[in-house]
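Spelled out, the chains give:
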Amino acid sequence: MFKALGHPARLAILDFLSETNSCFTGDITDVIPLSRTTVNQHLNELKKAGLIQGQISGAKTNYCLDPLVLKKLKAAMEALLHKMNCCDPLNC
């Protein structure tokens, strides 16, 4: 999951999907200024990582964040930061 988050375009896609508060049906290139091919490649990487779900509906695809996976990601990140003592100002 962390590897999938390593590209600014993927973060922009996730940010956009989080702001829609629902599944988005349409062409994300209308919102993110990248070519359709580039966006599709990033969507595929996000799907492989399990961060988003995509279901075809006619000529369009519905894209949604996967809330269960995002909860796991949040827990993993919190555990990692806790383990590293990054939240303790005396250790930074």
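All of the points below concern the structure found in this document. (Residues numbered from 1 in each chain as written. Predicted model: local features only at pLDDT ≥ 70, side-chain atom pairs only at ≥ 80, totals over all residues. Heavy atoms only, no water.)

A count of helices and strands for the protein gives three helices and three strands. Seen in sequence order, the protein has helices and strands lined up from the N terminus as α-β-α-β-β-α. Over its C-alpha trace the protein gives a radius of gyration of 15 Å, far above what one expects of a compact globule, namely 12 Å for 92 residues. In terms of overall dimensions, the protein has a C-alpha envelope of 55 × 25 × 20 Å along the principal axes. Every one of the 92 residues in the protein was classed for burial, and the buried ones make up 29%. Put simply, 48% of the contacts in the protein that link residues at least 6 apart link residues at least 24 apart. Surface accessibility of the protein: about 6,300 Å² in total, with carbon and sulfur atoms responsible for 57%. (Helix = DSSP H or I, 4+ residues; strand = E, 2+ residues; numbered from the N terminus. Rg over C-alpha atoms; globule rule 2.2 N^0.38 Å. Buried < 20%, exposed > 50% of the residue type's maximum accessible area, 1.4 Å probe, protein only. Contact = heavy atoms within 4.5 Å. Areas by Shrake-Rupley, 256 points an atom, 1.4 Å probe, with all protein chains shown as cover.)

This part is about the sheet that holds strand β2 (residues 52-57). Spatially, β1-β3-β2 is the arrangement adopted by the three strands of the open sheet, whose pairing is antiparallel. A single partner strand is all that each edge strand has here, and the edge strands are β1 (24-25) and β2. Bridging between β2 and strand β3 (residues 60-65) involves six bridges; their strand directions are antiparallel. Counterpart to Ile56 in the pairing with β3 is Thr61. (Pairing = 2+ DSSP bridges.)

Distances and angles like these do not, on their own, reveal function.
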